[in-house]
Structures are given as structure tokens and as C-alpha cells.
Amino acid sequence: MDFRFSVAVLLVLLFAVANSRSLFGQHVTLQPDTLQILRYLEEPVNTIQPVRNDVVFLPNGLPLDSLINYSRTYIGTPYRYGGRTERGFDCSGFVKHVYGKFGLELPPSSRTQALVGEHVPVESVRKGDLIFFKGRSTKSKNIGHVGIVVDVVPESKDILFIHSSTHGGLRLDWLNKEDYYRKRFVTTRRPFAEAANP
């Protein structure tokens, strides 16, 4: 049996159990959100991060990499001020949308999202953490932008994050390679408690 198909079946079963649906004696209907989350499993294997021994699980029991891979499917989506849908996102709207698909509800603005969860020192950041920046002015003390950490390179101490930018829409950027973001970096936070290994 194809490995990705097996994983997809396992995720469907986990989703059904998490929603208290009986899998026996009745037809299980996949909700549109479930199908959308599973679509990335049909992507070529080289788009999926390799599984390591330190796999992190979301509160709903799904691996954190499923959220990261799902977020990457939106690369190229246009920026839209106040956007909260697939037609276009602003930065906080995108973060709220992605986490919401995995049952994690976040506030609507980057400023209020920065109050969720716990602070994480930049040297301890991992995939799935939120990364916050000042707005356009480096002199501002207010948070005005947010992204999701999708990779960390310990050797270079660099952080790759996905975010919705007014320049280019949904895109990936490296913190230390982009002066614009490096100069405006404020903090990183972990918005959820890690679930036990299912």
C-alpha cells in the first residue's frame, strides 16, 4: 500500500475519532476542511519535510508538519488588507486561517496574536512558532506584522518564515538574510501546548 495513502487514511481516522464520530456501522463523511488539509499528502514527496525523531504533535493529534505543509500551499496568494479568505490574506488573517483549520483559534490581529501562548527565546524557536515584527517604522514600539516559522537552521541560526506581505503576497523569507525583517524583529511565541505522542 502506498505510504502517503496510508498516512492519509490514518489522518482521516484520527480526525473522525477527534470529532467523536463512530467509524463502524455508519457512513463517515469527510468534511471539506478535512479534504483540504489532506490534499498536501498528494503532493510529490520532496515537498514534505522528512520525519525526524523529534516529531511535534498539535493538540488535535496531527503532526505539526501537516500545518506547515498546509501553510505552504498558499504561497503566491495575493495580499489583501483585512483579508481572511483564500482570495487574499493580510498577515494576521493568514495566520488565523492556517491555525483555525487545525482547530487552534487565534485572535484577528498581529498585536493580539502576540499575547497568545508563551514567549520563546529566538535560539529555541521551532517550526510552528509565530514570529512578530514592528510595522513599517523601525522606531515603532508596536507589533504590526506576523508570520509562521516553517524551518530553522541551527548552523546559521536563521529562521525561515511564511507570511503575507504587501510586497508579493504569501511568501517565504529568511530572518537574517532580509534586512527589512531583521531590523523590525520583535519576538517569537509558541501559540499552543504540544500534545503527547499519539
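The text that follows walks through the structure, step by step, so that each part is easy to find. Note that this is a predicted model, so its numbers are computed, not measured.

1. As for the layout of surface pockets
- Here the second largest pocket is characterised by a volume of approximately 580 Å³.
- Every residue lining the second largest pocket is counted, 26 residues in all, and those nearest its centre are Tyr79, Cys91, Gly144, His145 and Thr166.
- Contributions of two or more residues to the lining of the second largest pocket are made by helix H4 (91–101), helix H5 (110–113), strand E4 (130–134), strand E5 (143–153), strand E6 (158–165) and helix H6 (179–182).
- It is E5 that provides the largest number of residues to the lining of the second largest pocket, a total of 3 residues.
- Here the lining of the second largest pocket is built from residues that sort into 8 nonpolar, 11 polar and 7 charged.

2. A word on the sheet that holds strand E3 (residues 118–119)
- Taken in spatial order, the 6 strands make up an open sheet running E3-E8-E4-E5-E6-E7, and their pairing is antiparallel. Here the strands that pair on one side only, and so sit at the sheet edges, are E3 and strand E7 (169–174).
- By the bridge criterion, 4 bridges tie E4 to strand E8 (residues 185–190) in an arrangement that is antiparallel. Considered in E8, the bridge of phenylalanine 133 is made with phenylalanine 185.
- Here helix H3 (residues 64–72) sits on the sheet and contacts E5, E6 and E7; the angle it forms with E5, its principal contact strand, is near 115°.
- Packing of H4 onto the sheet brings it into contact with E4, E5, E6 and E7, and relative to E5 it is tilted by some 50°.

Each value, and the rule that gives it
- Residues numbered from 1 in each chain as written.
- Predicted model: local features only at pLDDT ≥ 70, side-chain atom pairs only at ≥ 80, totals over all residues.
- Heavy atoms only, no water.
- 1 Å grid on protein atoms, 1.4 Å probe; cavity = no way out; pocket = protein on both sides within 12 Å on 5 of 7 lines; lining within 4 Å.
- Points joined across faces, edges and corners; volume = space filled by probe spheres on them.
- Helix = DSSP H or I, 4+ residues; strand = E, 2+ residues; numbered from the N terminus.
- Nonpolar A, V, L, I, M, F, W, Y, C, P; charged D, E, K, R; others polar.
- Pairing = 2+ DSSP bridges.
- Contact = heavy atoms within 4.5 Å.
- Axes fitted to C-alpha atoms, helices over the stretch in contact; angles between N-to-C directions.

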